[in-house]
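Notes for the structure review
Each chain, letter by letter, is given below.
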Amino acid sequence: MKLTTGGVCKSGGSWKNHTGTWRVFRPVLDEEKCIGCGYCETFCPEATVEVQGNIAVFDYTYCKGCGICQQECPVEAIEMKEEDELEKEGEK
Ligand code: SF4
Ligand code: SF4
């Protein structure tokens, strides 16, 4: 068996990696539809969505745009929009 050289990554976890910088899709909330159930908060793998005052609030610095929150939302209050399109529309 051939052994290869390895290394140790610095500690810090995902909070040091701004995963939002490479996001292709962004979750956009329809506040009229959101019922504050917290499913999105429960299932988000990056812990970047939090229900505040009965409304889901996204932290786009770390949201990687995976769309799990959209899939789990029972009232279809989240739409995944392309970052490029949002930029063209001036919504970024
Ligand atoms: S798109 Fe993914 S990372 Fe972003 S808030 Fe939804 S579940 Fe979390
Ligand atoms: S899962 Fe949908 S309805 Fe529930 S808090 Fe999140 S966005 Fe709002």
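Residues numbered from 1 in each chain as written. Chains lettered and ligands numbered in written order. Predicted model: local features only at pLDDT ≥ 70, side-chain atom pairs only at ≥ 80, totals over all residues.

1. Considerations on the site of ligand 1
Defined as follows: Each residue receives a C-beta atom placed from its backbone. It is near a molecule or strand if this atom lies within 6 Å of it. Classes in brief: Ala, Val, Leu, Ile, Met, Phe, Trp, Tyr, Cys and Pro nonpolar; Asp, Glu, Lys and Arg charged; the others, Gly included, polar.
C44, C63, C66, I68 and C69 are the nearest of the 13 residues found near ligand 1. For the shell around ligand 1, a count of residues per class yields eight nonpolar, three polar and two charged.

2. Regarding the environment of Y60
Heads up, the rule is: For the purposes of this entry, the term helix denotes a DSSP run of H or I that reaches at least four residues, the term strand denotes a run of E that reaches at least two, and both are numbered from the N terminus. With C-beta atoms placed from the backbone, a residue is labelled by how many other C-beta atoms lie within 10 Å of its own: buried for 20 or more, exposed for 12 or fewer, partly exposed between the two. Placing a C-beta atom from the backbone of each residue, one calls two residues in contact when those atoms lie within 7 Å.
The topology assignment puts Y60 in the loop between β3 (55-58) and α2 (68-72). You can call Y60 partly exposed: it has 17 C-beta atoms within 10 Å. Taking C-alpha positions, Y60 is 8.9 Å from V49, a pair spaced eleven residues apart along the chain. Residues contacting Y60, with those up to four places away along its chain left out, are G20 and R26.

3. A closer look at the nonpolar core
Note the following rule: Among buried residues, those of type Ala, Val, Leu, Ile, Met, Phe, Trp, Tyr and Cys that are joined through C-beta atoms within 7 Å form a set called a nonpolar core.
Among the nonpolar cores identified, the biggest contains eight residues, and these are C40, C44, V49, A56, C69, C73, A77 and I78. Those residues in contact with C40 that lie beyond four places of it in its chain are V49, A56, C69, E72, C73 and I78.

4. Focus on the environment of C40
With respect to the helices and strands, C40 occurs in helix α1 (residues 39-43). Along the sequence, C40 and C73 sit 33 residues apart, while their C-alpha atoms lie 6.2 Å from each other.

5. Some details on the pairing of β3
In the case of a regular strand, side chains alternate between the two sheet surfaces. Threshold: We call two strands paired when DSSP finds no fewer than two bridges between them.
One ladder, built from four bridges, connects strand β2 (residues 49-52) with β3; its direction is antiparallel. Within β3, the position partnered with Q52 by the bridge is I55. With antiparallel pairing between neighbouring strands as the criterion, β2 and β3 make up a hairpin whose turn holds two residues, including G53 at a positive phi of roughly 60°.

6. Quick notes on unusual backbone geometry
Although it is not a glycine, A47 adopts a positive phi angle of roughly 55°. Considering the arrangement of structural elements, one finds A47 in the loop between α1 and β2. Notably, N54 is not glycine yet its phi reads approximately 70°, a positive angle.

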